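Take a look at the letters that make up each chain.
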Amino acid sequence: MPYEIDETHDPSLESWVESANDPATDFPIQNLPLCAFAPAENVDDGTAPIHVGVLIGDQVLSLSRMQVRGMLDEWERSHGVDGWFALNSTGVDAIAELDAAARRDLRRIVSRLLRSDAPDRAGLGGLLEPREGVLIQEPLVTIGDYTDFYASVHHATNVGTMFRPDNPLMPNYKWLPVGYHGRASSVVPSGTPIRRPKGQLAPANEGEAPAFGPSRLLDYELEIGAFVARGNDLGEPISIEEAEDHLLGLCLLNDWSARDIQRWEYQPLGPFLAKNFATSISPYIVTMEALAPFRVPREPRPEGDPQPLPHLDSEHDRTRGGFDITLEVHLASKQMRDRGMAPVRLSRGNFRTMYWTFAQMLTHHASSGCNMRPGDLIGSGTVSGPERSSRGCLLELTWNGGKGDPRPGTDRTPIELPTGEQRRFLEDGDEVILRGYCEREGFRRIGFGECRGIIEPAV
Ligand code: MN
């Protein structure tokens, strides 16, 4: 069943939490993203130390306390929900296993509770606390597996052109969403410092020995992450019609990449150590329900491209498979921060330009019978659009640090920072900030918050 627009998306809704009515907030009452948090003060009220929360303005609402107080009893009964409020690590995961109908009703309950005209606000003391005071640092779910795709044809074409100008896309690209199995253990929340990795670096000339040392070509990749909700049994594929029911929601994702390590190691089995040292995510999951007004048709394929095979195609995916999410990358060097300068924007693009949709990626992933589990994380691949200003990594923005194939018209100049510093790749002390938001005429703007990380020197 597709995610529908309902009363919770009404743009006229306001909340009695005043900060949620600020036009600039990412978290109005129409958003209600999920997170896990440790309360500032651990009150002994029957809840476990980690709560499931919903962000509203600058506050976080504890679903765990609502459950302990019996405020969700009726919802639990009607959906056969049993015991997920025991919020240990297993309990937190269980929210991902709710079916789409249970999640939709939970969203409606929370929305009604937080509206300006909510009938009973008196009993809500203690359910909310300032987001600033609490520790939101863990993803809502335990990430069992992490897979990263390569779903932007603009990114794939740019990168391919740099190294294989005559043959940028591999023959499989337009037939299947290319991906690789990543590393869940190094997925970290926004704000975690990123240690520059060491590794074997591609030799300057063919036939020479590689060096071992700190990566000199460290990069970010602007991506969207999708969390898997319900899983599938081993051997039982997910059909494309069902695929979106298996998705909980989206977050911002930075797939930190060491280009010199990557270039040396990637053939023939794909990226390995160049990407396994860290992947940052924003700690709030913007739910599939919240994103309903921002669904758009899948990006039409250019004339002459093959249509997807039937198992990767559906009417819903063609008409509503995309997401209209504006995505930005900002950078602040250490010198900029020391001098009190605001971060500069490096790029702005939109997630709707992707060649493959999340439904196609998930369907393809499970088409072999591979079992997906609640909390699995799927990265979209670098989100790049057709224009230079919408390229989602430095490799593309500076055209391989100025060393990519010099096609006429290719801009290979380094990035100029307001301090006069130049960037081809990331330097120690650089902070990368990803932002994302959805806007549509007739609907309230919602946002993803931020995904940040500062580069620390190699050990
Ligand atoms: Mn990636």
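Residues numbered from 1 in each chain as written. Predicted model: local features only at pLDDT ≥ 70, side-chain atom pairs only at ≥ 80, totals over all residues. Heavy atoms only, no water.

Caption draft 1: Region of the structure containing the overall build of the chain. Tallying secondary structure elements over the chain gives ten helices and 26 strands in all. Relative to the globule expectation of 23 Å for 459 residues, the C-alpha radius of gyration of the chain, 22 Å, shows essentially globular dimensions. Here the C-alpha coordinates of the chain stretch approximately 70 × 55 × 40 Å along the principal axes. Looking at the chain as a whole, 55% of its 459 residues are labelled buried. Within the chain, residue pairs in contact and separated by at least 24 positions form 73% of the contacts whose partners lie at least 6 positions apart. (Helix = DSSP H or I, 4+ residues; strand = E, 2+ residues; numbered from the N terminus. Rg over C-alpha atoms; globule rule 2.2 N^0.38 Å. Buried < 20%, exposed > 50% of the residue type's maximum accessible area, 1.4 Å probe, protein only. Contact = heavy atoms within 4.5 Å.)

Caption draft 2: Representation of empty space enclosed by the protein. Evaluation of the coordinates by the stated rule reveals three cavities of 30 Å³ or more. In this structure, the largest cavity encloses a volume near 140 Å³. Every residue along the wall of the largest cavity is listed here: Leu32, Leu34, Val54, Leu63, Ile95, Leu98, Arg103, Leu106, Arg107, Val110, Thr287 and Glu289. Of the residues forming the lining of the largest cavity, the biggest block, four residues, is contributed by helix H4 (residues 100-114). Its residues placed into classes, the lining of the largest cavity shows eight nonpolar, one polar and three charged. Roughly 70 Å³ of volume is contained in the second largest cavity. In terms of lining residues, the second largest cavity is bounded by Arg298, Glu299, Gly321, Gly322, Phe323, Phe351, Arg352, Met354, Trp356, Thr357 and Phe358. (1 Å grid on protein atoms, 1.4 Å probe; cavity = no way out; pocket = protein on both sides within 12 Å on 5 of 7 lines; lining within 4 Å. Points joined across faces, edges and corners; volume = space filled by probe spheres on them. Nonpolar A, V, L, I, M, F, W, Y, C, P; charged D, E, K, R; others polar.)

Caption draft 3: Structural view of the coordination of the manganese ion. The protein atoms donating to the manganese ion are Asp148 (OD), Glu221 (OE), Glu223 (OE) and Asp255 (OD), with metal-donor distances spanning 2.1 to 2.3 Å. For the manganese ion, all donor residues lie on one chain, and their spacing in sequence is D-x72-E-x1-E-x31-D. Residue class for Glu221 comes out buried when judged on its relative accessible area of 5%. (Donors = N, O, S within 2.8 Å, 3.2 Å for Na, K, Ca; no water.)

Caption draft 4: Spotlight on H4. If you check H4, its first and last C-alpha atoms are 21 Å apart, about what 15 residues at 1.5 Å a residue would give, namely 21 Å. Where H4 is concerned, the buried positions are Ala100, Ala102, Arg103, Leu106, Arg107, Val110, Ser111, Leu113 and Leu114. (Expected span 1.5 Å × (residues − 1).)

Caption draft 5: Layout of the environment of Asp260. Residue placement: Asp260 occurs in helix H6 (residues 259-265). Given the relative accessible area of 5%, Asp260 is considered buried. Beyond its immediate stretch of four places on either side in the chain, Asp260 contacts Gln200, Leu201, Ala202, Ser215, Arg216 and Leu217. A polar atom in the side chain of Asp260 sits 2.7 Å from the backbone nitrogen of Arg216. A polar side-chain atom of Asp260 sits 3.2 Å from the main-chain amide nitrogen of Leu217. (Polar contact = N/O pair within 3.5 Å; in protein donor to acceptor, adjacent residues only side chain to side chain.)

Caption draft 6: Structural context of the packing of aromatic side chains. Per the stated rule, a full pass over the model turns up six aromatic pairs. With 5.9 Å between their ring centres and 45° between their planes, Tyr173 and Tyr355 make a pair best called tilted. Of this pair, Tyr173 sits in the loop between helix H5 (153-163) and strand S7 (179-181) while Tyr355 is found in the loop between strand S21 (344-350) and helix H9 (358-366), placing the two residues 182 residues apart along the sequence. Comparing Tyr173 with Tyr355 shows no difference in burial state: the two are buried. Judged by centre distance (5.5 Å) and plane angle (35°), the rings of Phe351 and Phe358 are tilted. Put simply, the rings of Tyr150, Tyr173, Tyr355 and Trp356 pair up and form one aromatic cluster. Note that Arg295 overlies the ring of Phe323, its terminal NZ or CZ placed 3.9 Å from the centroid. (Phe/Tyr/Trp six-rings, centres within 6.5 Å; stacked < 30°, edge-to-face > 60°. Lys NZ or Arg CZ within 6 Å of the ring centre and 35° of its normal.)

Caption draft 7: Representation of the layout of surface pockets. Empty space within the largest pocket amounts to approximately 970 Å³. Looking at the lining of the largest pocket, the elements that each hand over two or more residues are strand S6 (146-149), H5, S7 and H6. Ranked by the residues each element gives to the lining of the largest pocket, the list is headed by H5, at six residues. Across the lining of the largest pocket, the residue classes tally to 18 nonpolar, eleven polar and nine charged.

Caption draft 8: Fine view of the sheet that holds strand S25 (residues 431-438). Taken in spatial order, the five strands make up an open sheet running S9-S26-S25-S20-S21, and their pairing is mixed. Since the sheet does not close on itself, it has two edges, and those belong to strand S9 (194-195) and S21, each with one partner. Both strand S20 (residues 326-332) and S21 contribute to a ladder of six bridges, which runs antiparallel. Along S21, the bridge assignment pairs Thr326 with Asn350. (Pairing = 2+ DSSP bridges.)

Function cannot be inferred from these measures alone, as they are strictly geometric.
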